[in-house]
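Here's the letter readout for the chains.
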Amino acid sequence: MPKFIDTHPMEPFTEQQLRDLQNAPADEFGVTHHDILFSRKDNLIYCVLEAPNAEAIHKHHAKAGISCDWVREVESTRSK
């Protein structure tokens, strides 16, 4: 499944909510969280997600009431 990275404000999410999301099953758009990185100081979240396409990423975030500053498809050096 393709991987994507995006960024958006951390608010309104708490650190615990992010930890809970990390282990959530795929949503109705087929999106799962590979990793969630955040900076409270900068009020930013960097999501590394697996999804069928970028449109699914946008729908995933829209359902949570947020929009991404940007979304990029990426590849990983980790073994699959």
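Residues numbered from 1 in each chain as written. Predicted model: local features only at pLDDT ≥ 70, side-chain atom pairs only at ≥ 80, totals over all residues. Heavy atoms only, no water.

## What about the overall build of the protein chain?
What counts is decided by this rule: Elements are defined by DSSP. Helices are runs of H or I of four residues or more, strands are runs of E of two residues or more, and each kind is numbered from the N terminus. Computation of the radius of gyration draws on C-alpha atoms alone. For the globule rule, the value is 2.2 Å times the number of residues to the power 0.38. We call two residues in contact whenever any of their non-hydrogen atoms come within 4.5 Å of each other. Working definition of accessibility: Shrake-Rupley area with a 1.4 Å probe, residue cover restricted to the visible protein chains. Only four residue types enter the tally: Lys and Arg on the positive side, Asp and Glu on the negative side; His and the chain ends are excluded. By convention, charge coordinates are those of NZ in Lys, CZ in Arg, CG in Asp, or CD in Glu.
A tally of regular secondary structure across the protein chain gives two helices and four strands. When the helices and strands of the protein chain are read in sequence order from the N terminus, they spell out β-α-β-β-α-β. Relative to a compact globule of 80 residues, whose C-alpha radius of gyration would be 12 Å, the protein chain shows 12 Å and is just as compact. Along the three orthogonal principal directions, the C-alpha set of the protein chain runs to about 30 × 25 × 25 Å. Sequence separation of at least 24 residues holds for 64% of the intrachain contacts in the protein chain that already meet a minimum separation of 6. Per element, the accessible surface of the protein chain, about 5300 Å² overall, is 50% carbon and sulfur. Positive and negative side-chain charges of the protein chain, numbering 9 and 13 respectively, have mean locations separated by a distance of 4 Å.

## As for the confidence of the model for the protein chain
Quick note on the threshold: pLDDT measures the predictor's confidence residue by residue and takes values from 0 up to 100.
With 99% of its residues at a pLDDT of 70 or more, the protein chain has an overall mean of 94. Confidence, read as mean pLDDT per element, is least for helix H1 (residues 15–22) in the protein chain (92) and greatest for strand S4 (residues 70–74) (98).

## Comments concerning a nonpolar patch on the surface
Note the cut-off: Residues with no salt bridge and a relative accessible area higher than 30% make up the patches, which join like charges within 9 Å and nonpolar side chains (Val, Leu, Ile, Met, Phe, Trp, Tyr) within 5 Å. Salt bridges are defined by distance alone: a side-chain nitrogen of Lys or Arg within 4 Å of a carboxyl oxygen of Asp or Glu.
Together, Leu37, Tyr46 and Trp70 make up a nonpolar patch on the protein surface, roughly 250 Å² of accessible area in all. Along the polypeptide, Tyr46 turns up in strand S3 (residues 44–50).

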